[in-house]
Amino acid sequence: MLLFFAIILCVVMLAVFIQISSGYGKLDSLDAVELQGKADQPLVSIVIPACNEAQSIEQSLRSLCHLDYSNVEIIVVDDRSTDGTAQVVESVRHDFPAVRLIRISELPEGWLGKPHALQRGAEEAGGEYLLFIDADVSLEKTTISRAVRAMEERTLDHLTLIFKNSSPGLLLNALIADIGAGLFFLIKPWKAKIAKSRYFMGVGAFNLVRAPVYQSIGEHRKIKLQVVDDVYLGKLIKQNGFCQECMLAESLVTLPWYRSVPEMISGLMKNVYAFFHYRPGYVFLGVLAISVMTVVPMAGAIFAQGSAKFFFIMTVLIRVGGTGGGMIRIGLSPASIIFLLITPFISLFIILKALFQVQLAGGVTWRGSFYRLDKLREADWVLSGLFWPLIRKK
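Q: Help me out: how do you make sense of the nonpolar core in this one?
A: Here is a general trend for soluble globular proteins: nonpolar side chains tend to be buried in one another's company. By size, the foremost hydrophobic cluster in this structure holds 63 residues, and its most contacted members are Leu130, Phe132, Met264, Tyr273, Tyr278, Ile350 and Val382. Take this core: its biggest share by element is 7 residues, from helix α12 (residues 343-361). Those residues in contact with valine 382 that lie beyond four places of it in its chain are Phe200, Gln226, Val228, Val231, Tyr232, Lys235, Ala274 and Phe275. Listed in part, the 60 residues of the second largest apolar core include Ile20, Ile48, Ala50 and Cys65.

Following this line, the structure appears as structure tokens:
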């Protein structure tokens, strides 16, 4: 029985990474898109929500101000910052007048902070295209030229990009890669461009959407209570019948997702529970699945005997080798790979801590604001429709 279980785990793990590898190969690279000429550039409005981003926003803004795409407006929405974010933006505006600053002093009832900031920024935008990006994102100078060219050549309504993470530290990069591989398999971004597929994608580092499409889906007013707003924006666009695509842009879009493991653990407290729709039962199923696929094989590799031990070891090697190979491909240190043996335990800790912290508090604290759990549960589950046919509410 143990041997049979070990074989099944090995086969499933192999199938998972074959699908991840195959799917990654189906994603086109934005690098391959030829640059667009200077003439007749449609206006692109870049909307950046910023809450206490004084340490990171200047680098991001200066990268945007050196784009080779001239017809842009940059709208920074300072969402109740207390760390001098507005002052940093004003200093950049002195050199680059294309940067505009909107300041929010109060959050309206029924909104999360970030969706509200994005809504305010979009209301001030005049572009044919709206680009929503985070405040710590840096863009290579040709990124928007290539993105607009891709949108027009492929007749896309929404383009989102997979970025390169520039976080420091071996353990942190291993943890990000391990979680990223799991999300990549779950969401399957290579299928977002298939019109009849149930898969969708959105990335906070780069969501480029046609303004009329954004307006027709209800703007961020439709996702005012979505913690995972970037992914849900992609879901809303796809489910309304518009054309979207996810492309690779690891040489064009960079950001440090987190700067340390403790910061990542703290940061994920706000949204990891949202992926389980704030339901303890869903968390139990998720923890069970992660444990069976990652922790059990490592335990079997140590304690099992005979052929079962061999298949458990192979399961571990497939996961570590598959994820580690992806890490090396994007330029991370091979020394990070060894930490993939402990990242599943950290992931489980993050999930369980989020469960107990949010349940005990009765809600989520995010950037100084508290959001009640019963209100968050009223929002549509970001992953609904992936596991079973979507039933629309009347």
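Q: Explain the confidence of the model for the protein to me, please; I cannot follow it from the model alone.
A: Scored by pLDDT, the protein has a mean of 93; 97% of the residues are at 70 or more. The model gives residues 390-394 a pLDDT under 50, and that stretch makes 5 contacts with residues more than four places away or in other chains.

Q: Looking at this model, I keep getting lost on helix α10 (residues 280-303). Mind explaining?
A: Every α-helix winds through 3.6 residues per turn, so residues three or four apart in the chain are directed the same way. If you look at α10, its biggest bend is around 40 degrees, right at serine 291. Buried within α10 we find Val283, Gly286, Val287, Ser291, Thr294, Pro297, Met298, Gly300 and Ala301. Where α10 is buried, its residues touch α1 (2-25), α11 (306-329) and α12.

Q: Could you clarify how one ought to interpret the packing of helix α6 (residues 170-187) against α12 in this entry?
A: Orientation of α6 relative to α12, taken along the N-to-C sense of each, is 70 degrees, at an axis distance of 9 Å. The pairing of α6 with α12 is recorded here as roughly perpendicular in orientation. Residue-level contacts link Leu171, Ala174, Leu175, Asp178 and Ile179 of α6 to Thr343, Pro344, Ile346, Ser347 and Ile350 of α12. In terms of residue class, the contact of α6 with α12 is made up of 7 nonpolar, 2 polar and 1 charged.

Q: Where do I start with the pattern of salt bridges in this structure?
A: Pairing between side chains of opposite charge can happen when the charged atoms of each approach one another. In total, this model carries 20 salt bridges according to the counting rule given. We note a salt bridge from arginine 62 to glutamate 58, for which the minimum N-O separation is 3.0 Å. Of this pair, arginine 62 and glutamate 58 are both found in helix α2 (residues 57-64), 4 residues apart, which corresponds to roughly one turn of the helix. The salt bridge partner of arginine 221 is glutamate 123, with a shortest N-O separation of 2.9 Å. On the criterion of sequence distance, the pair formed by arginine 221 in the loop between α7 (211-216) and α8 (229-239) and glutamate 123 in helix α4 (residues 113-124) is long-range, its members being 98 residues apart. What makes arginine 221 partly exposed here is its relative accessible area of 44%. Bridged by salt links that share partners, the residues Asp28, Arg154 and Glu245 form one connected network.

Q: Please clarify how the packing of aromatic side chains should be interpreted in this entry.
A: To describe a pair of aromatic rings, one takes the distance between the centres and the angle between the planes. Tallied over the full model, the rule gives 9 aromatic pairs. Ring pairs connect the aromatic residues Tyr24, Phe184 and Trp190, which therefore count as one cluster.

Q: Can you help me understand α4 in this one?
A: Helix length check: α4 (12 residues) gives 17 Å between terminal C-alpha atoms against 16 Å at 1.5 Å per residue, within 8%. With 9 of 12 residues buried, α4 is to be regarded as a mostly interior element. When we look at burial in α4, the residues that qualify are Gly113, Lys114, Pro115, His116, Ala117, Leu118, Gln119, Gly121 and Ala122.

Q: So what exactly am I meant to see when it comes to the sheet that holds strand β10 (residues 253-255) here?
A: In any sheet, the strands associate via hydrogen bonds between backbone groups, in a parallel or an antiparallel arrangement. The 3 strands lie next to each other as β5-β10-β7, forming an open sheet whose pairing is mixed. The sheet is open, and its two edges are formed by β5 (138-139) and β7 (164-165), each paired on a single side. As paired elements, β5 and β10 share 2 bridges and run antiparallel to each other. Note that in β10 the partner of serine 138 across the bridge is threonine 254.

Q: Explain a nonpolar patch on the surface here, please?
A: A cluster of nonpolar side chains, contributed by Met1, Phe4, Ile8 and Val12, occupies part of the molecular surface with about 460 Å² of accessible area. Along the chain, the position of methionine 1 falls in the segment before α1.

Q: How should the pairing of strand β8 (residues 207-210) be read in this particular structure?
A: On any regular strand, side chains alternate: one points to one face of the sheet, the next to the other face. Burial along β8 is two-sided: Asn207 and Val209 and Leu208 and Arg210, pointing in opposite directions, are all buried. Taken together, the 4 bridges between strand β4 (residues 129-132) and β8 define a ladder with antiparallel strand orientation. The residue of β8 that forms the bridge with phenylalanine 132 is asparagine 207. Pairing of strand β6 (residues 158-162) with β8 involves 3 bridges; the strand directions are antiparallel. By the bridge assignment for β8, histidine 158 is matched with valine 209.

Thresholds applied
Residues numbered from 1 in each chain as written. Predicted model: local features only at pLDDT ≥ 70, side-chain atom pairs only at ≥ 80, totals over all residues. Heavy atoms only, no water. Core = buried A, V, L, I, M, F, W, Y, C linked by side-chain atoms within 4.5 Å. Buried < 20%, exposed > 50% of the residue type's maximum accessible area, 1.4 Å probe, protein only. Helix = DSSP H or I, 4+ residues; strand = E, 2+ residues; numbered from the N terminus. Contact = heavy atoms within 4.5 Å. pLDDT = per-residue confidence, 0-100. Bend = angle between axes of the 7 residues up to and from the residue. Axes fitted to C-alpha atoms, helices over the stretch in contact; angles between N-to-C directions. Parallel < 35°, antiparallel > 145°, perpendicular 65-115°, else oblique. Nonpolar A, V, L, I, M, F, W, Y, C, P; charged D, E, K, R; others polar. Salt bridge = Lys/Arg side-chain N within 4 Å of Asp/Glu carboxyl O. Phe/Tyr/Trp six-rings, centres within 6.5 Å; stacked < 30°, edge-to-face > 60°. Expected span 1.5 Å × (residues − 1). Pairing = 2+ DSSP bridges. Patch = residues over 30% accessible without salt bridge, like charges linked within 9 Å, V, L, I, M, F, W, Y side chains within 5 Å. Areas by Shrake-Rupley, 256 points an atom, 1.4 Å probe, with all protein chains shown as cover.

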